[in-house]
Amino acid sequence: QVQLVESGGGLVQAGGSLKLSCAASGRTLSMYHMGWFRQAPEKEREFVATINRGGGSTYYADSVKGRFTVSRSNVQNMVYLLMNNLEPEDTAVYYCAASTVVNWPRRLPYEYSSWGQGTQVTVSS
């Protein structure tokens, strides 16, 4: 399986921006559809965004549409999540995940077979 490591989280004021990175190793990233999920305290893990294997198509949760942008570089084995106009409700641990399910987009956690350890994003009001 592919190994994933997220970075780029931190503390930011409402209205600010952060760019998360996900570094992949062990397998060729182009084999996987990639997704970003988040989990706030005492809440279930929720879908944020996904990008298909080739990087030509993206899909977002309604709550982040227009504010977040997912991208990838299969050459560099990297996936990114650019988050603009952050809101306190975006506070969560953010996870990068890889899916080998053929059809895309995939929005459920169980459809992703590999996960990173997560990176904390905190947005202050």
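Residues numbered from 1 in each chain as written. Predicted model: local features only at pLDDT ≥ 70, side-chain atom pairs only at ≥ 80, totals over all residues. Heavy atoms only, no water.

Q: Where do I start with the packing of aromatic side chains in this structure?
A: For any pair of aromatic rings, the description rests on two quantities: the centre-to-centre distance and the angle between the ring planes. All told, the structure shown has 6 aromatic pairs when counted by the stated rule. Plain terms: the ring middles of Phe 37 and Phe 47 are 5.8 Å apart, the flat faces sit at 75° to each other, and that makes the pair edge-to-face. Taken as a pair, Phe 37 in strand β4 (residues 33-39) and Phe 47 in strand β5 (residues 46-51) lie far apart in primary sequence, 10 residues in all. Each of the two residues, Phe 37 as well as Phe 47, counts as buried. Here the aromatic residues Phe 37, Phe 47, Tyr 59, Tyr 95, Tyr 112 and Trp 115 are joined through ring pairs into a cluster of three or more. Just above the ring of Tyr 80 sits the side chain of Lys 19; from NZ or CZ to the centre is 4.6 Å. (Phe/Tyr/Trp six-rings, centres within 6.5 Å; stacked < 30°, edge-to-face > 60°. Helix = DSSP H or I, 4+ residues; strand = E, 2+ residues; numbered from the N terminus. Buried < 20%, exposed > 50% of the residue type's maximum accessible area, 1.4 Å probe, protein only. Lys NZ or Arg CZ within 6 Å of the ring centre and 35° of its normal.)

Q: Explain the pattern of salt bridges here, please?
A: Side-chain pairs of opposite charge can arise where the charged atoms are in close proximity. Scanning the entire structure with this criterion turns up 6 salt bridges. Measuring nitrogen to oxygen at the nearest pair gives 2.6 Å for the salt bridge that ties Arg 38 to Glu 46. On the basis of relative accessibility, which here comes to 6%, the residue Arg 38 falls in the buried class. Arg 67 is the salt-bridge partner of Glu 87, the closest N and O atoms lying 3.9 Å from each other. Here the residue Glu 87 occupies a position in the loop between β8 (78-83) and β9 (92-99), and Arg 67 occupies one in the loop between β6 (58-60) and β7 (68-73), the gap between them amounting to 20 residues. A relative accessible area of 31% places Glu 87 in the partly exposed class. Here the residues in one salt-bridge network are Arg 38, Glu 46, Arg 67, Glu 87 and Asp 90, joined through shared partners. (Salt bridge = Lys/Arg side-chain N within 4 Å of Asp/Glu carboxyl O.)

Q: Looking at this model, I keep getting lost on the environment of Ala 92. Mind explaining?
A: By the element assignment, Ala 92 lies in strand β9. Taking C-alpha positions, Ala 92 is 9.4 Å from Phe 37, a pair spaced 55 residues apart along the chain. Among residues more than four places away in sequence, those in contact with Ala 92 are Arg 38, Gln 39, Ala 40, Thr 119, Gln 120 and Val 121. (Contact = heavy atoms within 4.5 Å.)

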